[in-house]
Each structure stands twice: as structure tokens, then as C-alpha cells.
Amino acid sequence: MALLKFPVIQLGKPVVFGPNSKSFILPPREETRLLVKPLVIQAKGNARIESPKIRNRRMQRKFTGTPTRPRLSVFCSDKQLYAMLVDDQNRKCLFYGSTLQKSIRDNPPCTTVEASRRVGEELIKVCIDLDISEISTYDRNGFARGERIQAFEIAIAHHGFLPR
């Protein structure tokens, strides 16, 4: 076999990066110490902010009152308290009382806290007359327990009408 001889091309400089290429030097590697902090995931406090009134409307769909076990609904404005016993099946109000009623407020004259206690006592009397031994739910309409609502609850709790 005969060996083939090919001409060898010799270049003076490498032509990979072009005729004017300069060799580059990597910068020296510096050792850096990074502070590694642990990963902490924080949830937002209230991702969904909703008012107590809206939450109460949603809860009202779950609880309904019957003639034997009505729903007790209490509304508390800035100065007054209003209470109702509601039969949701027949859509009737079995009892309505407020601190504005003259029969509750006038004999003897009293404050709204005392009048709200009297509303609770009137509610107990009506429940005994209607032969109601318990209520299905106690609905505060999203209001916090202030002085008037607490006085009303104390009057009712003595007779065991508050579901606990």
C-alpha cells in the first residue's frame, strides 16, 4: 500500500477568533461567603377581608327557625337594641321588642342597658306563653357583644334560652 502524502498547512497564529484575536485570561476566582438565610414563607393576615354582616348573611342560609324552635335575631344600633323571634318556615315574626318601646322604657325610666335587659325579660315571657322551650340559633347579625347585648344575653341565659 502506498501512503498518500498531503501537504501540511502550518499557521503562525490560531485563526479561530480572527487574525487580530488576543488571548483572554479569566479573572482569578475569589472565594465569597454568602450568608444563606432559611426560607421563611409568610402568609398574609387576612387574605380575604369580609365584613361581619356579609358573613352573617351567609350563615343565615344554614339556620332556619321553626314555630317550636324559632331563630332569635338581635340588632344593635349605636344607641338601641332590637330583638325578634323569627319563624322562617312560615315567614312570621313571633316576637318583636326594642329599647324604644314605651312599655319597656317608661315604667320606671331607665337607661338603654337596663331597657335591653327588660327586652330580654319580655322575650322570656312571650316564649313561655307560646310554649317555646328552646331557640334554634342566636343571631347577633355580626355585632360584637357590647353592654346592651350582654345585658340582653344575661336576661335570656338565666332561663336557658341561649344555645351554648
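The name given to the protein chain in an unreviewed UniProt entry is 50S ribosomal protein L18 isoform X3, and the organism recorded there is Rhodamnia argentea. If you open the UniProt record of the protein chain and go to Sequence similarities (unreviewed entry), you find "Belongs to the universal ribosomal protein uL18 family."

S.K.: Explain the pattern of salt bridges to me, using residue names and the numbers behind them.
M.R.: Applying the stated criterion across every chain, the model contains six salt bridges. The partner of Arg69 in a salt bridge is Glu134, and the shortest N-O contact between them spans 3.5 Å. In this pair, Arg69 sits in the loop between α1 (52–60) and β1 (71–76) while Glu134 sits in the loop between α3 (112–129) and β4 (138–139), placing the two residues 65 residues apart along the sequence. Taking the relative accessible area as the measure of exposure, Glu134 reaches 39% and is therefore partly exposed. Where Glu114 meets Arg117, a salt bridge forms, and the shortest distance between an N and an O atom there is 2.0 Å. In this pair, Glu114 and Arg117 both sit in helix α3, three residues apart, roughly one turn of the helix. On the basis of relative accessibility, which here comes to 29%, the residue Arg117 falls in the partly exposed class.

S.K.: Which residues make up the nonpolar core, and what values do they have?
M.R.: By size, the foremost hydrophobic cluster in this structure holds 22 residues, and its most contacted members are Leu72, Val74, Leu123, Tyr138 and Phe152. When contributions to this core are tallied by element, the ones reaching two or more residues are β1, β2 (81–87), α3 and α4 (147–157). Ranked by the residues each element gives to this core, the list is headed by α3, at five residues.

Quick notes on the rules
Residues numbered from 1 in each chain as written. Predicted model: local features only at pLDDT ≥ 70, side-chain atom pairs only at ≥ 80, totals over all residues. Heavy atoms only, no water. UniProt positions renumbered as here; feature names shortened; annotations may be inferred. Salt bridge = Lys/Arg side-chain N within 4 Å of Asp/Glu carboxyl O. Helix = DSSP H or I, 4+ residues; strand = E, 2+ residues; numbered from the N terminus. Buried < 20%, exposed > 50% of the residue type's maximum accessible area, 1.4 Å probe, protein only. Core = buried A, V, L, I, M, F, W, Y, C linked by side-chain atoms within 4.5 Å.

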